[in-house]
Amino acid sequence: MFDSFFPKPRLFFLSFAIWALLCVTGWYTLVQDLGSTLSLAYFFGVDFPATLSAEADAAAQAAFQSTQSTALNYWLCQYMAVCYGLFIAGWMIYGGQKWAKWSVAGSALIMFITWFHVQVGVWINEWYGTFYDLIQKSLTTPGEVTLQEYFFQLSSVTVIVLISMTVSIFKSFFISHYVFRWRTAMNNAYTKKWGNVRHIEGASQRIQEDTMRFASIVEGLGVRFLDSIMTLIAFLPILWTLSSYVKELPLIGEVPQALVFVAILWSAFGTALLAISGIKLPGLEFNNQKVEAAYRKELVYGEDHVERAEPEHLKELFSGVRQNYFKLYFHYLYFNVVRYSYLGFGQFIPFIALGPSIVAGAFTLGIMQRIISAFNQVEGSFQFLVSSWTTIVELLSIHKRLKAFEKEIGENEASMTIDNA
């Protein structure tokens with residue numbers, strides 16, 4: 001499954017996790033402070049601002065923060081490009097795998113685009129804060145904000161949105177080719193051994209259908225998982241800072257970093273709840289494919305052999321399909337009750353947590369919008385398992401089938417080696 005496409009899969013993924021951790025840690029502990037010396041952003045007319053004096057007024061401080069943030073963004077892009085470049089070059093040289101262009105460079109490109117989308121989310125979150133403050137100012141003091149200022153602020157986000165849309169379209173196109181290359185690698189690996197696998201029940205389905213579904217689901221889950229991790233890294237510090245506006249929680253009282261506390265607690269509760277309620281689903285999905293494969297195989301044999309696919313035998317096989325589906329429907333019933341109840345109630349959690357602060361007038365409308373947006377981003381990252389559980393169940397079922405398939409291939413090859421000896 002993985003060896004056919006990735007060079008030394010275990011080492012590859014482990015090295016990526018360690019390298020990513022080192023790069024992220026390096027950025028927050030040392031590298032971001034080196035931007036004024038090493039950044040090449042001046043080629044684009046962007047420089048780090050000079051140190052601001054302690055007597056600077058609010059306007060000067062705001063201008064300093066804006067310029068500093070822009071310069072840091074350019075420096076971060078440069079740093080990320082270097083990190084990705086070193087990792088790709090190392091594995092392209094060391095890995096020496098046929099599909100390295102797609103498995104190494106392609107994976108890195110998908111991860112970089114995912115990181116870019118997270119950064120777009122951060123920029124839009126900041127823009128919402130400014131935009132809603134403008135709305136509040138306009139509604140509070142009619143006439144103070146002109147229509148020209150309003151539309152100028154509204155149009156300022158257009159460029160970011162257009163770039164994000166373009167990148168999303170390219171990402172979708174590229175991922176389609178990426179998944180098909182992975183499927184091709186698995187297909188080639190299995191079909192080379194067709195003489196040893198053709199007698200295994202469901203062999204054609206494993207090669208034709210499961211390889212495609214496995215590659216597609218793993219890629220999709222992998223991108224969402226990386227997106228969750230990167231979103232957490234980007235938005236957790238924002239939520240941590242915004243938590244200073246929230247001094248207490250309903251029923252609980254004062255809690256340090258209240259918003260982060262609520263996001264972690266609610267997400268952990270949901271993850272545990274859905275994991276318990278959906279624990280039987282992977283096994284049922286696996287059994288479902290077994291009974292479907294047996295029924296389909298008998299029908300296929302019946303096309304060429306008159307003595308096969310007799311009505312009574314087909315009725316017996318379909319009865320097994322029916323029983324398993326009804327079991328699956330029942331378990332998905334209570335699983336979905338738990339899942340949708342949790343998600344439906346969860347959308348009101350930030351408003352409940354902010355209740356005392358809203359009543360006390362502790363922040364502006366723009367700040368509230370930024371808090372809710374950042375809270376939803378952090379909560380969504382922690383809820384990766386909650387939102388992906390049904391897909392994970394399907395993946396576990398496919399992985400289980402392909403693992404059993406590969407085990408039978410190994411046993412057949414070992415048996416043939418013994419016979420030839």
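Under an unreviewed UniProt entry, the protein chain has the name SbmABacA family protein and belongs to Marinomonas mediterranea. In its Subcellular location (unreviewed entry) section, UniProt records this for the protein chain: "Cell membrane".

S.K.: In this structure, what is going on with the packing of helix α9 (residues 258–277) against helix α13 (residues 365–382)? I would like to understand it.
M.R.: The geometry of a pair of packed helices is captured by two quantities: the angle between their axes and the separation between those axes. Interaxial distance between α9 and α13 falls to 9 Å at its minimum, and their mutual angle equals 35 degrees. Between α9 and α13 lies a crossing of right-handed hand. When α9 is examined against α13, the residues L259, V262, A263, I264, W266, S267 and T271 are found in contact with a partner set consisting of I371, F375, V378, E379 and F382. Here the contact of α9 with α13 is composed, by residue class, of nine nonpolar, two polar and one charged.

S.K.: Whenever I open this one, the packing of helix α10 (residues 281–304) against helix α11 (residues 311–346) confuses me. Can you help?
M.R.: Following both chains from N to C, one finds α10 and α11 inclined at 160 degrees, their axes separated by 9 Å at the closest point. One way to sum up the angle between α10 and α11 is to call them roughly antiparallel. When you trace α10 past α11, the crossing you get is left-handed. Of the residues in the contact of α10 with α11, the class split is 14 nonpolar, six polar and four charged.

S.K.: Before we go on, may I ask you to explain a negative patch on the surface in this structure?
M.R.: A surface patch of negative charge is lined by E307, E310, E312 and E316. Along the chain, the position of E310 falls in the loop between α10 and α11. For E310, a relative accessible area of 46% puts it in the partly exposed group.

Calculation notes
- In this convention, every chain numbers its residues from 1, walking through the sequence in written order.
- pLDDT decides what is reported in this predicted model: residues at 70 or higher carry local features, side-chain atom pairs at 80 or more are listed and counted, and totals for whole chains, interfaces and linings draw on all residues regardless.
- With hydrogens and water stripped out, all remaining heavy atoms of the structure feed into the side-chain values.
- UniProt positions are given in the numbering used here, feature names are shortened, and annotations may be inferred rather than shown by experiment.
- All axes are obtained by fitting lines to C-alpha atoms, using only the stretch in contact for helices, and the reported angles, taken between N-to-C directions, cover 0 to 180 degrees.
- Here a helix means four or more residues in a row that DSSP labels H or I, a strand means two or more in a row labelled E, and each is numbered from the N terminus.
- A crossing counts as left-handed when the near helix is turned anticlockwise from the far one by less than a right angle, and as right-handed when that turn is clockwise.
- Contact definition: two residues touch when any of their heavy atoms are within 4.5 Å.
- Polar here means any residue outside two lists: the nonpolar Ala, Val, Leu, Ile, Met, Phe, Trp, Tyr, Cys and Pro, and the charged Asp, Glu, Lys and Arg; Gly therefore counts as polar.
- Put simply, angles under 35 degrees are roughly parallel, angles over 145 are roughly antiparallel, angles from 65 to 115 are roughly perpendicular, and the rest are oblique.
- Patch definition: residues with relative accessible area over 30% and no salt bridge; like charges joined within 9 Å; nonpolar side chains (Val, Leu, Ile, Met, Phe, Trp, Tyr) joined within 5 Å.
- In this description, accessible areas are obtained by the Shrake-Rupley approach with a 1.4 Å probe, and a residue is regarded as covered only by the protein chains that are shown.
- Salt bridge, as applied in this entry: a Lys or Arg side-chain nitrogen positioned within 4 Å of an Asp or Glu carboxyl oxygen.
- This count recognises Lys and Arg as positive and Asp and Glu as negative, with His and chain-terminal groups excluded.
- Every charge is mapped to an atom, namely NZ of Lys, CZ of Arg, CG of Asp or CD of Glu.
- Throughout, exposure labels follow a simple rule: accessible area from a 1.4 Å probe, protein chains only, divided by the maximum for the residue type, with under 20% read as buried, over 50% as exposed, and the rest as partly exposed.

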